Protein chains: 2
Amino acid sequence: MKPKLEDVAKLAGVSKTTASRVLNNRGYLSDETLKKVHDAMETLNYQPNAAARQLFKRKTGLIGLIFPTVSNPFFGELVNYLEYELYQRDFKVIIGNSLHDINKETDYLNQLLAGQVDGLIVGTHNQGIEEYKYSHLPVVAIDRVVNSDIPIIESDNYKGGVLATQRLINAGVTRIIHTNGPSALETPTQRRREAYEAVMNEYGLEPHTFTIDFSLSFAEKKQRYNELFSIYPDMEALFVSNDVDASIIMTIANERGRKIPEDLLLVGYDGTDLMRNVIPELTTIIQPIENMAKIAVDVLVKRIEGIKTESEYILPVNLWEGKTSSR
Amino acid sequence: MKPKLEDVAKLAGVSKTTASRVLNNRGYLSDETLKKVHDAMETLNYQPNAAARQLFKRKTGLIGLIFPTVSNPFFGELVNYLEYELYQRDFKVIIGNSLHDINKETDYLNQLLAGQVDGLIVGTHNQGIEEYKYSHLPVVAIDRVVNSDIPIIESDNYKGGVLATQRLINAGVTRIIHTNGPSALETPTQRRREAYEAVMNEYGLEPHTFTIDFSLSFAEKKQRYNELFSIYPDMEALFVSNDVDASIIMTIANERGRKIPEDLLLVGYDGTDLMRNVIPELTTIIQPIENMAKIAVDVLVKRIEGIKTESEYILPVNLWEGKTSSR
DNA sequence: TTGTAGGCGTTATCAC
DNA sequence: GTGATAACGCCTACAA
């Protein structure tokens, strides 16, 4: 079967120890044995066994990522950058998509927390995981509050909400609707709603937040957003909490004969590379995804190495000015 | 630190063996010891060590996925489905994004092939990996030719090319341009080009394939596609090899004052859930992504279990009729 | 400069 | 029903 170090040693005529030393470049070795062992490895096509190494070193070189789904551009780009940053630091990535399946999320967390990985980056709610289970493993959260011990990396959601709302008010409209996820979920995206409501109130305008579950299918979302149009037939503008949903709304508006921007203004959220290129006309708030990934990895690695870090990192957002936010 | 089975055994007043039996529900056990051991695990918050298990069982429960990048909707959705299917069969997923970095791809493959995983699903070119290295590990390829031993799962790219080209010809145009990746890469997407050329020739039309590297950034792609418009100022239609690029072309056409579809027809490729909802007006060829994932996992699992499989699976595609393919 | 021995945590075999 | 023991493949004191 697969050759082990002992086979290499035997072939090279040395002991396992010496072969191991060659493998890991440790200690003094004569050029001759060096060559013999290297040759033996070559001819046997030897590759060290990962499990055995992990067992001995008591680390796995793996980081777990738990996110709703990589098929959404925001999480896709985020995971892409996270994987890149982790690779730079010699970590590989185990990924779990938890959308639509709370059991799966719990299951994953339990298994990964059990020592399958050296650390964890989570972007989900983690309901049903007892706090003490986190105690043995470094964890970092992106855009989610997990518990007080776990550092959180997020962009400035409140500022983003202010920028978006302000932009629409500056465009001269007053009947502005906001869409967001269920407020029961204690996610940072709720700060966008808080900002929206604060700014609206500040201007003496009435805030209306339309709640929609992010995990709905496209078909279900379409139906919900059609309801939105029926509930607020005289709305003049929408601040939508992500760009994909904003694009669905653009389609619906089109079907219903409401022209954007002449007849309805729109601001989205996230500003992924993909969506900014696919729908460049959509005004949106850009989250610094790459930077969020960098910092998340930085903080996680520090925690793994036992170095203290801040417990909250809030990164700045930017307004991307498209054509959907002014007439 | 982390409790091991021995600690559990000691606390419960039994041997490691018995504790292990309880853990794995094996053999006969008295209700009393069962309870004692369970209690001990509870109070210690015991979790079995993954590396030790892997070492003993000589399997990892992990499958490696190597794809260009999950930030592209096609691969994002594919990986999402793959992860889902694998989870159903008790496999976790290690992911490597190889875009822009051939060394990283090689590095990943070498490491994963070394036994870090029980199997591999690849969607990249794998240049520079010697064939024999694949010999120890079950591998399945999606949309790529790796080598003769490795089964390939793909959608019917030739048929897709025919459908797209035919659709445009039926719309009454003759100057139809096709875009695709470098033909030096022996990828199945080249069959779309072959189909395009065959159909064009069949109708006595002159095929023109515009080559563009898929791994370019958005900015670079924009520049390239602007060149395309300059090179073929009188083109009447485009068959673009993916939907994201098609959307970039829509933006450029718009900037250049070429109205779609009045002035330029367009057919894309891939038909991901995301793009079909974000740009429903784009006519495209739908690849059966979910099904490709299912079959890939199916075949891989069979190979892991030593069951023979076909060496090629070609899945049917469909035309999604939007508004960009007829006047 | 190289070799011997023991342990990382788990499981299976074989006795009792 | 339960317990010793060896083995999975690698690495590092310690000895030589």
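Worth saying up front: this structure is predicted, and the values here are computed from it rather than measured.

Draft legend 1. How the structure looks around the protein's contact with DNA strand C. The environment of DNA strand C is made up of 27 residues, and the closest members are Thr17 and Thr18 of chain A together with Leu5, Tyr46 and Arg53 of chain B. Sugar and phosphate atoms form 63% of the subset of DNA strand C atoms that lie within 4 Å of the protein. Side-chain polar atom of Thr33 of chain A to a phosphate oxygen of DNA strand C: 3.1 Å apart, as the coordinates give it. Within the contact set of DNA strand C, a phosphate oxygen lies 2.6 Å away from a side-chain nitrogen or oxygen of Arg53 of chain B. Contributing elements (two or more residues each) for the surface near DNA strand C: helix 2 (16-24) and helix 4 (50-57) of chain A together with helix 2 (16-24) and helix 4 (50-57) of chain B. No other element matches helix 2 of chain B, which puts six residues into the surface near DNA strand C. Looking at the surface near DNA strand C residue by residue, the classes come out as eleven nonpolar, nine polar and seven charged.

Draft legend 2. The pattern of salt bridges, seen in detail. Enumeration over the complete set of coordinates arrives at 28 salt bridges over all chains. Its salt-bridge partner being Lys104 of chain B, residue Glu83 of chain A comes within 2.7 Å of it at the nearest N-O pair. Of this pair, Glu83 of chain A sits in helix 5 (residues 73-88) while Lys104 of chain B is found in helix 6 (residues 102-116), placing the two residues in two different chains. Comparing Glu83 of chain A with Lys104 of chain B shows no difference in burial state: the two are buried.

Draft legend 3. Quick look at the UniProt feature "domain: HTH cro/C1-type" (unreviewed entry) in chain A. UniProt feature "domain: HTH cro/C1-type" (unreviewed entry): in the numbering of this structure it lies at residues 5-47 of chain A. Annotated as residues 5-47 of chain A, this span is 72% helix and 0% strand, and its ends, taken at the C-alpha atoms, are 9 Å apart.

Draft legend 4. Fine view of the UniProt feature "domain: HTH lacI-type" (unreviewed entry) in chain A. Taken from the UniProt record, the annotation "domain: HTH lacI-type" (unreviewed entry) applies to residues 3-57 of chain A. In residues 3-57 of chain A, the share of helix is 71% and the share of strand is 0%. The end C-alpha atoms are 21 Å apart.

Draft legend 5. Highlighting the nonpolar core. Core analysis: the biggest nonpolar cluster contains 54 residues, and Leu65, Leu82 and Ile121 of chain A together with Leu65, Leu82 and Ile121 of chain B have the highest contact counts within it. Those residues in contact with Ile121 of chain B that sit more than four places away from it in its chain are Ile63, Gly64, Leu65, Ile66, Phe67, Leu82, Leu86, Val140, Ile142, Val297 and Leu300 of chain B. Of all hydrophobic cores here, the second largest spans 50 residues; its members include Phe210 and Met235 of chain A together with Leu228 and Leu266 of chain B.

Parameters at a glance
- Residues numbered from 1 in each chain as written.
- Chains lettered and ligands numbered in written order.
- Predicted model: local features only at pLDDT ≥ 70, side-chain atom pairs only at ≥ 80, totals over all residues.
- Heavy atoms only, no water.
- Near = heavy atom within 4 Å.
- Polar contact = N/O pair within 3.5 Å; in protein donor to acceptor, adjacent residues only side chain to side chain.
- Helix = DSSP H or I, 4+ residues; strand = E, 2+ residues; numbered from the N terminus.
- Nonpolar A, V, L, I, M, F, W, Y, C, P; charged D, E, K, R; others polar.
- Salt bridge = Lys/Arg side-chain N within 4 Å of Asp/Glu carboxyl O.
- Buried < 20%, exposed > 50% of the residue type's maximum accessible area, 1.4 Å probe, protein only.
- UniProt positions renumbered as here; feature names shortened; annotations may be inferred.
- Core = buried A, V, L, I, M, F, W, Y, C linked by side-chain atoms within 4.5 Å.
- Contact = heavy atoms within 4.5 Å.

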